[in-house]
Amino acid sequence: MDDLDQRLNTLITEVRQQPPNSIKWRFAMNRLLLEIQQLPGLAKSSHPDYPAALNRTLEYISLNLAKFDLNSPSVSESFLKWINSYLGWRIRDLYSPDKDAPLSLDAPIASDFGEITLLDNLPNSTLSGLDSLIENSQRKTTQRIGLELELYIEQDPEGKLKNSSSGSSVQCNCQFLSQRRVLKEPPDKIADIARELSIPYTTVNSHWKRKCEPILQKIAEDLGYKKEQSL
């Protein structure tokens, strides 16, 4: 088993070992989703809406990972084939005559009864039902971006957050504040953080508002977040 096979095997196994939708599951899943986006041979397209097709594919994977068979001579080849078989159809949707529609009604989605289409799931084919499905799809995309942002905060791969500290304290950096304000549930209050660091409240609050929030906003936008969405 080569390095990529071993890495994918480990990531997929970690996801399956965690209770669905738990914090550990979310982080394990997002490590896998980030790895998928770097896979050699992942289907690509120059279409401007390709990120949307990829988003839907990642959502499909997160819902259906249990269906993938790890017992394969080459996990990476089998996994890539499984991903591209779905992503390829989503890319074809982009070039269909109805490419400007928010969703493709023949797109397969997971259900308790196997794979069905969005059209199958429309209640009486009403417009309100379609609007509801569109809203649900957009919400899932936003949730995925939010999870990737959480993972970015934890790993800070480029050091953008940790290297942005207030003049009063190196510890009062954007990664530390984001971990306390974004990753914790419920989030810590600025006043409590200021007392812990022995820094004036106004200093911590100003650094969070003026420096950290804009950095997080930019990172989220790079992940696909749109300003009209709400993380």
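Cut-offs used in this document
- Residue positions are given per chain, counted from 1 along the sequence in the order it is written.
- Only residues with pLDDT of 70 or above have their local features reported here, since the model is predicted, and side-chain atom pairs are shown and tallied only from 80 upward, although totals for entire chains, interfaces and linings are computed over all residues.
- Side-chain calculation: all heavy atoms of the structure are included, whereas hydrogens and water are not.
- By nonpolar core is meant a set of buried Ala, Val, Leu, Ile, Met, Phe, Trp, Tyr and Cys residues that side-chain atoms within 4.5 Å join together.
- Each residue is placed in one exposure class: buried if its accessible area under a 1.4 Å probe, protein chains only, is under 20% of its type's maximum, exposed if it is over 50%, and partly exposed if it falls in between.
- Working definition: helices are DSSP H or I runs of at least four residues, strands are E runs of at least two. Numbering for both runs from the N terminus.
- Contacts are assigned to residue pairs with any non-hydrogen atoms lying within 4.5 Å of each other.
- Residue-level confidence of the predictor, termed pLDDT, takes values from 0 up to 100.
- We define a salt bridge as a contact between a side-chain nitrogen of Lys or Arg and a carboxyl oxygen of Asp or Glu at a distance within 4 Å.
- To pair, rings of Phe, Tyr and Trp, with the six-membered ring standing in for Trp, must have centres within 6.5 Å; the planes then decide the type, stacked if under 30 degrees apart, edge-to-face if over 60, and tilted in the middle.
- Geometrically, a lysine NZ or arginine CZ counts as sitting over a ring once it is within 6 Å of the ring centre and also within 35 degrees of the ring normal.

## Some thoughts on the nonpolar core
Inference 1: Residues Leu32, Ile36, Leu65 and Phe79 are the most contacted members of the largest nonpolar core, which totals 32 residues.
Inference 2: The set of elements that each furnish at least two residues to this core consists of helix 1 (3–17), helix 2 (23–36), helix 3 (50–64) and helix 4 (75–94).
Inference 3: No other element matches helix 4, which puts nine residues into this core.
Inference 4: Ignoring any residue separated from it by four or fewer positions in sequence, one finds Phe79 in contact with Leu8, Ile12, Leu32, Ile36, Leu39, Leu65 and Phe68.
Inference 5: Counting 21 residues, the second-largest nonpolar core is a separate cluster that includes Ala194, Ile215, Leu216 and Ala220.

## Some remarks on the confidence of the model for the protein
Inference 1: The predicted model of the protein averages 79 in pLDDT, with 76% of residues at 70 or higher.
Inference 2: For residues 99–107, every residue scores under 50 in pLDDT, and the model assigns this stretch 23 contacts once sequence neighbours within four places are set aside.

## Focus: the pattern of salt bridges
Inference 1: For the structure on display, the rule yields 11 salt bridges.
Inference 2: Salt-bridge contacts for Glu150 lead to Arg26; the nearest nitrogen and oxygen are separated by 2.9 Å. Of this pair, Glu150 sits in helix 5 (residues 127–155) while Arg26 is found in helix 2, placing the two residues 124 residues apart along the sequence.
Inference 3: Three or more residues are tied together by salt bridges with common partners; here these are Arg180, Lys184, Asp188 and Glu196.

## Considerations on the packing of aromatic side chains
Inference 1: Summed over the entire model, instances satisfying the criterion amount to five aromatic pairs.
Inference 2: Between the aromatic rings of Phe79 and Trp82, the centroid separation amounts to 5.9 Å while the plane-to-plane angle is 25°, which identifies the pairing as stacked. Here Phe79 pairs with Trp82, and both are found in helix 4, just three residues apart, close to one helical turn. As far as burial versus exposure is concerned, Phe79 and Trp82 are alike and both buried.
Inference 3: Connected via pairs of aromatic rings, a cluster forms that spans Tyr60, Phe68, Phe79, Trp82 and Tyr86.
Inference 4: Here the guanidinium or amino end of Arg90 rests over the ring plane of Tyr86, the centre of that ring lying 4.8 Å away.
Inference 5: Between Arg92 and the ring centre of Trp89, over which it is positioned, the NZ or CZ distance is 4.6 Å.

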